[in-house]
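Spelled out from the first residue to the last, the chains are:
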Amino acid sequence: MSEKILKKLQILADSAKYDVSCSSSGSKRKNTQRGLGNTNGMGICHSFTEDGRCVSLLKILLTNHCIYDCAYCVSRRSNDVQRVAFTVEEVVSLTMHFYRRNYIEGLFLSSGIFKNSDYTMERLVRIAKTLRTEHKFNGYIHLKTIPGASDELVREAGLYADRLSVNVELPTEQSLVKLAPEKNTADIVKPMSFIRHTIEENRQEIQLYKHAPAFVPAGQSTQMIIGASPESDWQIMQQADSLYKNFHLKRVYYSAYVPVQQDQRLPDLHSLPPVQRENRLYQTDWLLRFYGFSVNEIFNPSAPNLETDVDPKLAWALRNLHLFPVDINRADYEMILRIPGLGVKSAKKIVAGRKFHHLTLDHLRQFGVALNRARYFLICIGWNGYRRDWNATEIKRQIIAGNAQSTQLSLF
Ligand code: SF4
């Protein structure tokens, strides 16, 4: 690799690390017609840095030139950084070389905006098209949709990419106006809506014509920056919930704001990224998508922000002790799923297992239930839940003390 390309790669991979929406799970495609590579249902094309951020070796920007001046962005026009741009051929060549050497399993490609949205989007599309049609590249491609790009280019992008993402960037329109005044909500919502409808049309087409080309088979996603603007966790999750419902997003990614420059509109340059908050938002996102919770069950006017010392499911259970303990040998699946320390898999095992035995704590251990939390909230054969004279504060204290002694990890 030439020095020039290496230098570009260093700069454009470093600029791309602030975008966390790079998980690639959700697309399955076998290698066909002597193409190169395949995708599978497991997450590919991503790894995690020390601060928990999802990155990939070939997760790059096409360019860090940008005509916009979004306050939170390292590539903003007014930031004094070295500017470079790949050519279409360079990105194609890097992807093929890295893929052949088994360094990567896909491409995550975003870009600053040079000249205008369509000019930039057209290049992103050309890269994906060249990889697919000339090089028969069958690996995963995730393209960032440039706000304001035309429907025609977005449609074409969707025919070559597995996933498209349109970043909402900030949780509310007021913050977008304040921190990214050259962007507008309409330019973000329009492509999201277009992608949603085109996916639906494509599903019908594929039912009629088996060989109709697939449009973004892994769906669309978005990213929200957390902590650059003053919204509460409640506002952030209301926005996420509405994005899931209105645009059928596969994922909303929450990105803890990393201060990159001093700006009076933003947190101090020396403040730490709110990584713990980001983690709690992801947990809440799971509760909405897989555990049957609604946003307004998790938050209320007196608790608009998530607790940092306990996960959101445990916090909810402690606020609703009147619903516990739950008898796991009788309760509905939906209520079993709400017991802290229990995941979807263990809840299913409980419902299946209790057809054959009355379940005990030993059975629950075998099912992988995190009893350090769950035992306060359930009844089973030989176990009668927490002591009635314990209140939420006491249970929480015991759980936190028990967690400090235990190294066992579990989800919810
Ligand atoms: S448009 Fe994108 S790349 Fe340009 S400054 Fe805004 S966030 Fe950064």
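About the cut-offs
- The residue numbers shown here count from 1 along each chain, following its written sequence.
- Thresholds applied to this predicted model are a pLDDT of at least 70 for local features of residues and 80 or more for the giving and counting of side-chain atom pairs; totals over whole chains, interfaces and linings are not thresholded and use all residues.
- Side-chain numbers here rest on the full set of heavy atoms in the structure, without hydrogens or water.
- Each cavity reported here is a set of points on a 1 Å grid over the protein atoms alone in which a 1.4 Å probe fits but cannot get out, each pocket an open set with protein on both sides within 12 Å along at least five of seven lines, and each lining residue one with an atom within 4 Å of a point.
- Grid points are joined across faces, edges and corners, and a volume is the space filled by probe spheres set on the points.
- In DSSP terms, a helix is any run of H or I states spanning at least four residues, a strand is any run of E spanning at least two, and both are numbered starting from the N terminus.
- For this scheme, ten residues count as nonpolar: Ala, Val, Leu, Ile, Met, Phe, Trp, Tyr, Cys and Pro. Four count as charged, namely Asp, Glu, Lys and Arg, and the remainder, Gly too, count as polar.
- Counted as salt bridges are all cases of a side-chain nitrogen of Lys or Arg within 4 Å of a carboxyl oxygen of Asp or Glu.
- Partly exposed residues are those whose accessible area sits between 20% and 50% of the maximum for their type, while under 20% is buried and over 50% is exposed, using a 1.4 Å probe and protein chains only.
- Note on pairing: DSSP must find at least two bridges between two strands before they are called paired.
- Axes, fitted as lines to C-alpha atoms, cover a helix only where it is in contact. Angles between the N-to-C directions of the axes lie from 0 to 180 degrees.
- Throughout, a contact is declared for two residues whenever any of their heavy atoms are within 4.5 Å.
- Any helix carries an expected span of 1.5 Å times its number of residues minus one.
- N or O atoms within 3.5 Å of each other form a polar contact, as long as, within protein, one can give a hydrogen and the other can take it, and as long as residues adjacent in sequence are counted only when both atoms are side-chain atoms.
- A molecule or strand has a residue near it when one of that residue's heavy atoms lies within 4 Å.
- Occupancy of a cavity or pocket is assigned to a molecule whenever over half of its atoms lie within 2 Å of that pocket's grid points.
- In this text, buried Ala, Val, Leu, Ile, Met, Phe, Trp, Tyr and Cys residues form a nonpolar core when linked through side-chain atoms within 4.5 Å.
- Look down the strands so they point away from you; if going from the first strand over the helix to the second traces a clockwise path, that crossover is right-handed.

1. Details of empty space enclosed by the protein
Taken as a whole and assessed by the stated rule, the structure comprises one cavity of 30 Å³ or more. The calculated volume of the largest cavity comes to roughly 590 Å³. At the level of elements, helix H1 (3-16), strand S7 (220-226) and strand S8 (251-256) are the ones that each hand at least two residues to the lining of the largest cavity. Its residues assigned to classes, the lining of the largest cavity shows 18 nonpolar, nine polar and seven charged.

2. So, the pattern of salt bridges
Under the counting rule described, the total for this entry stands at 22 salt bridges. The partner of Asp151 in a salt bridge is Lys190, and the shortest N-O contact between them spans 3.4 Å. Separated by 39 residues along the polypeptide, Asp151 in helix H4 (residues 151-160) and Lys190 in helix H6 (residues 185-208) bring together distant segments of the chain. Residue Lys190 is classed as partly exposed on the basis of its relative accessible area, which comes to 47%. A salt bridge links Lys245 to Asp241, with the shortest nitrogen-to-oxygen separation between them at 2.8 Å. With Lys245 and Asp241 both in helix H7 (residues 233-247) and four residues apart, this pair spans about one turn of that helix. Its relative accessible area of 18% is what places Asp241 among the buried residues. Each member of the salt-bridge network shares a partner with another, and the members are Asp69, Arg76, Asp263 and Arg265.

3. Regarding the sheet that holds strand S5 (residues 140-144)
By way of backbone hydrogen bonds, the strands of a sheet pair with one another, either parallel or antiparallel. One open sheet accounts for six strands, arranged S3-S4-S5-S6-S7-S8; its pairing is parallel. Here the strands that pair on one side only, and so sit at the sheet edges, are strand S3 (59-61) and S8. When the angles between neighbouring strand axes are averaged without regard to direction, this sheet yields 25°. Across the sheet, helix H8 (residues 275-290) is in contact with S7 and S8; its angle to S8 comes to roughly 165°.

4. Points about H7
Along its 15 residues, H7 runs 21 Å from first to last C-alpha, staying within 8% of the 21 Å computed at 1.5 Å per residue. Within H7 the residues assigned to the buried category are Asp233, Trp234, Ile236, Met237, Ala240, Asp241, Leu243, Tyr244 and Phe247. Tucked into the core, H7 has its buried residues touching H6, S7, S8, H8 and helix H9 (295-298). Following H7 by one or two positions, His248 has its phi on the positive side, about 55°.

5. What about the environment of Ser229?
Here Ser229 lies in the loop between S7 and H7. For Ser229, a relative accessible area of 9% gives the class buried. Along the primary structure Ser229 and Gln174 are separated by 55 residues, whereas in three dimensions their C-alpha atoms are 9.5 Å apart. Among all residues touching Ser229, those that are not within four sequence positions of it are Leu170, Pro171, Ser175 and Leu179. For Ser229, the side chain forms a polar contact with the side chain of Glu231, separated by 2.5 Å.

6. Some points on the site of the ligand
Around the ligand, the neighbouring residues are Cys66, Tyr68, Cys70, Tyr72, Cys73, Arg76, Gly112, Ile113 and Lys183. Because more than half of its atoms lie within 2 Å of the grid, the ligand is assigned to the largest cavity. Its residues assigned to classes, the shell around the ligand shows six nonpolar, one polar and two charged.

7. So, the nonpolar core
In this structure, Tyr254, Leu364 and Phe377 are the most contacted members of the largest nonpolar core, which totals 116 residues. For Leu364, the contacting residues outside a window of four places in its chain are Ile328, Ile350, Val369, Leu371, Leu378 and Cys380.

8. Focus: the pairing of S7
Burial runs high along S7: seven of the seven residues are buried. Across the two faces of S7 the burial is the same, with Gln220, Thr222, Met224 and Ile226 and Ser221, Gln223 and Ile225 all buried. Relative to S7, strand S6 (residues 163-165) runs parallel, the two being bridged by two bridges. Bridge pairing links Leu164 to Gln220 in S7. The pairing of S7 with S8 spans six bridges and is classified as parallel. What sits directly across from Thr222, in S8, is Val252. Following the chain from S7 across H7 to the adjacent parallel S8, one finds a crossover that is right-handed.

9. Let's talk about helix H3 (residues 117-134)
Look at H3: 25 Å from first C-alpha to last across 18 residues, which is about the 26 Å you get at 1.5 Å a residue. Buried residues of H3: Ser117, Thr120, Met121, Arg123, Leu124, Val125, Ile127, Ala128, Thr130, Leu131 and Arg132, and no others. Of the surrounding elements, those touching the buried residues of H3 are helix H2 (88-100), strand S4 (106-110), S5 and H4. Sitting at the amino-terminal end of H3 is Asn116, which places a side-chain oxygen 3.2 Å from the backbone nitrogen of Asp118. Once H3 finishes, Lys136 follows within two positions and takes phi at roughly 55°, a positive value.

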